[in-house]
Number of protein chains: 2
Amino acid sequence: MTRENAGFRYTSSFRRNLPAPAQTWSPPAKYNFAVGHNDRDEVPTEALAEAAAAVIRRHGADLAVYNQGQNPLGFEGLRDFVAAKLNRLRGASCTADDILVTSGSLQGIDLVNDLLLEPGDTVIFEAFTYSAMFSRAQRLGVHPVGAPLDDGGIEVEKLAAVLEELKRKSIRPKYIYTIPTIQNPTGSILGLERRQQLLEVARAYEVPIFEDECYADIIWRDGAPPALWALDPTQVIHIGSFSKSLAPALRVGYVAADRSVLARMLACKTDGGTAALDQMVIAEYFGTHFDSHLRELTDALEDKLRTLIEALDREFGTSVELTAPKGGLFVWLKLPDHIDVRKLVEPARAAGVTFNPGPTVACDPEAAKHCMRLCYGLPTKAEIREGIAALARVFFEETGIPERGGNRPRRLVDT
Amino acid sequence: MTRENAGFRYTSSFRRNLPAPAQTWSPPAKYNFAVGHNDRDEVPTEALAEAAAAVIRRHGADLAVYNQGQNPLGFEGLRDFVAAKLNRLRGASCTADDILVTSGSLQGIDLVNDLLLEPGDTVIFEAFTYSAMFSRAQRLGVHPVGAPLDDGGIEVEKLAAVLEELKRKSIRPKYIYTIPTIQNPTGSILGLERRQQLLEVARAYEVPIFEDECYADIIWRDGAPPALWALDPTQVIHIGSFSKSLAPALRVGYVAADRSVLARMLACKTDGGTAALDQMVIAEYFGTHFDSHLRELTDALEDKLRTLIEALDREFGTSVELTAPKGGLFVWLKLPDHIDVRKLVEPARAAGVTFNPGPTVACDPEAAKHCMRLCYGLPTKAEIREGIAALARVFFEETGIPERGGNRPRRLVDT
């Protein structure tokens, strides 16, 4: 409420190290390449409406009871679905009792962190990784150490060298956080041989693997090797999500792990359960539509990716280097070494374009200053073309690169 | 997954002070008086199914975007509804921008705690209060100090004495946590004069008030004085919930507070937003059905309360003392001083009955050992009658009290 002379009296009572206040919200940029949103046209609105009505008619009375009167691991229909999906597509052999439903995979991350981490601990991240991991590490007072990546994913020999170096200092990391299937942001899929090697190295150095497979349902073709968790369930804690396969405003993810791990996490999950309708509707809709929806969604996303790559080629030419991702919602770009994309964030925003600067997703921010991530799930194909043209224009005006666009040399104009 | 010789290898990597593992889940007792569930017959299943289908058809595409592309404070339609409800029923004059939607009021509690608390801090709880507050205080390493209650709610003069005593030790509590409107577990409503006095005392000792109004929508009649937050928004952080007014498996609550407080909380709320469908369906259904639903629900609950009081009178007679609550889902009972209800938990469970022992909701557990809370939202009227009869039987067998039941003297029987 806004009253004269108002304002909470006790800001001096706030705890130490509280994060800065959230900025006043403003609508997203016209050309939003900055967040892993999904494709608005691919939300199956009518089918979800029907699924919601059907499942509420069938199970609505259960909403009167916390956790719908069921196991607090989550809605049984959804845990059954997740277990079957992991068995069929990710090489697992699990049941619903190996699955804990979470409020988005972010809650899964928080639970893994709560299980394992204390201030001063060390964790291994891939050299470029999910940005939310860095803010969490900072808040928890733990030290991330980067493991090198190439186009095939985590470089296991180099990881072993990192672990050896830490061991020499008597440091045993609390986990190796990896996104093996559609790595974020580089878009790679770790091959089977590397998966086996990674597990061997992790066992040798006695470090658990924290496997994030939140993009694993969105792969263009040929599938992927089994999940690390499926290959060794005693070594790995696995998380997944429905944000990418269906919609991120639905806050539903899951942890798949040894039951002793789930029992510990459940004791830390003091939220009264994950939202019932989101769980019920996903279970109901995906119970019959998973394969057809994912086929349509991945086709649409791959089509947008082609549009994005064409636009980058047209507008940036040889000034950008990229490896086409094997699935997912984003592309990782490298610009010439001397570019610092951090300086381009504000000019781009002024031109209506947002993107993820490399340093925000890198263990070594300086080494990624010429890199950026572009998400293509939300913008339409027309917006992708216009947005990349606008972005190239900003880059040219600020850095002189790219010099050509649309087969014509660029020129600075008075604006 | 269960494999031979399986088991997560790294239980030695778990952090210190991790809570004990959650016990293997088993279905709730036949006569479940232990949790504030709601009435299964009062979930408006058909209307919710229609609301869900309608709102998904209207806003479904927005699910593709985190927070539905809206302010991360929460779904706009729901924040509008909450603000209007607080203005109309709780004396506030706020807008949607004064409301932060949370994943149940439990997340609101966690955010208030995250905003204010550090290990070693002191907080004021009402002498008997919400059990989840104690586990949180313990986990956070803060010290709860009890403020006396009577049938009219928190005793303000005695609270002032507690604050004075702490001040003498140079301790300024971080907040006074109060449930002024249907106090949990005692069922009282704090009168307007005491509300004013409480605010004065809190201001005098410079302690913010943390007001939990999660039962305020379920009042038998005559309403309640304005929320403390409405009386002084600079002094109070307010939370509420839809668990009691609609259904607890929907995980939706809210914080109402000064915008500077919300901006800080939002920076701590790193969950990617609260579940969209739960928010959307509540907004859609309550947008047109709030008053009619609450009238029907409170009538049904008051009817169950009458059944419970009759059953207690019949089965326990003068062995229990109770003050009928003015709303809500529970009754607070006092048994003769020498009874220790903790010893009756297991025998009652064996007879199919669960209840909340007084010590689990008391700042001074020993002083509440002869007290218990009975929730009457979930059991049917027949189950209330049968369950109270079974409970009285257990009490008689274990303690010799109550000596009479159903107008007949009880006798021990061989079983």
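In every chain, residue numbers begin from 1 and rise along the written sequence. Think of it this way: whatever chain is written first is A, whatever ligand is written first is 1, and the rest follow in order. The model is predicted, so local features are restricted to residues of pLDDT at least 70 and side-chain atom pairs to those at 80 or more, both for listing and for counting; the totals for chains, interfaces and linings are taken over all residues. As a convention, hydrogens and water are excluded, and side-chain values are obtained from all of the structure's heavy atoms.

1. What about helix 8 (residues 259–268) of chain B?
Of the residues making up helix 8 of chain B, those classed as buried are B:Val261, B:Leu262, B:Ala263, B:Met265, B:Leu266 and B:Cys268. On the buried face of helix 8 of chain B, the contacting elements are strand 2 (99–102), helix 3 (104–116), strand 9 (236–241) and strand 10 (253–256) of chain B. With a 1.4 Å probe rolled over the protein chains alone, any residue whose accessible area is under 20% of its type maximum counts as buried; one over 50% counts as exposed, and the rest are partly exposed. Working definition: helices are DSSP H or I runs of at least four residues, strands are E runs of at least two. Numbering for both runs from the N terminus. Residues are treated as being in contact if the distance between any of their heavy atoms lies within 4.5 Å.

2. Let's talk about the domain arrangement of chain A
Residues and elements named next belong to chain A. Each assigned domain of chain A is listed here: domain 1 (24–42 + 292–409) and domain 2 (45–289). Those domain boundaries reflect an automatic or database domain assignment. The straight-line distance from the C-alpha centre of domain 1 to that of domain 2 is 27 Å. On the side of domain 2, 31 residues touch domain 1, which itself brings 28 residues to the contact. Values labelled buried area give the accessible surface lost by two parts on being combined, using a 1.4 Å probe and summing over both. For domain 1, the biggest contributors to the area lost against domain 2 are Lys326, Phe330 and Cys363; these three give 24% of the whole.

3. Side note on the packing of helix 2 (residues 76–89) of chain B against helix 9 (residues 276–316) of chain B
All names here are of chain B. Axis geometry follows a simple rule: fit a line to the C-alpha atoms, using only the stretch in contact for helices, then measure angles between N-to-C directions, giving values from 0 to 180 degrees. At a minimum axis separation of 8 Å, helix 2 and helix 9 run at an interaxial angle of 35°. Helix-helix and strand crossings are classified by hand; for helix 2 and helix 9 the assignment is left-handed. Listed contacts from helix 9 to Gly77, Leu78, Phe81, Lys85, Arg88 and Leu89 of helix 2 are Gln279, Ile282, Ala283, Phe286, Phe290 and Asp291. Amino acids outside the nonpolar list (Ala, Val, Leu, Ile, Met, Phe, Trp, Tyr, Cys, Pro) and the charged list (Asp, Glu, Lys, Arg) are all regarded as polar, and Gly is one of them. Its residues assigned to classes, the contact of helix 2 with helix 9 comprises seven nonpolar, two polar and three charged. We call a crossing left-handed when the near helix sits turned anticlockwise from the far one by less than a right angle, and right-handed when that turn is clockwise.

4. A word on the sheet that holds strand 4 (residues 143–147) of chain A
Residues and elements named next belong to chain A. Two strands are said to pair when DSSP picks up at least two bridges between them. Pairing is mixed across the open sheet formed by seven strands, whose spatial order is 2-10-9-8-7-3-4. The sheet is open, and its two borders are formed by strand 2 (99–102) and strand 4, each paired with just one other strand. On average, each strand axis in the sheet is tilted by 25° relative to the strand beside it, whichever way the strands run. Looking at chain direction, strand 9 (residues 236–241) and strand 10 (residues 253–256) are connected through four bridges and run antiparallel. In the sheet register, Ser241 faces strand 10, and the bridge partner there is Gly253. Lying over the sheet, helix 8 (residues 259–268) contacts strand 2, strand 9 and strand 10, oriented at roughly 30° with respect to strand 2.

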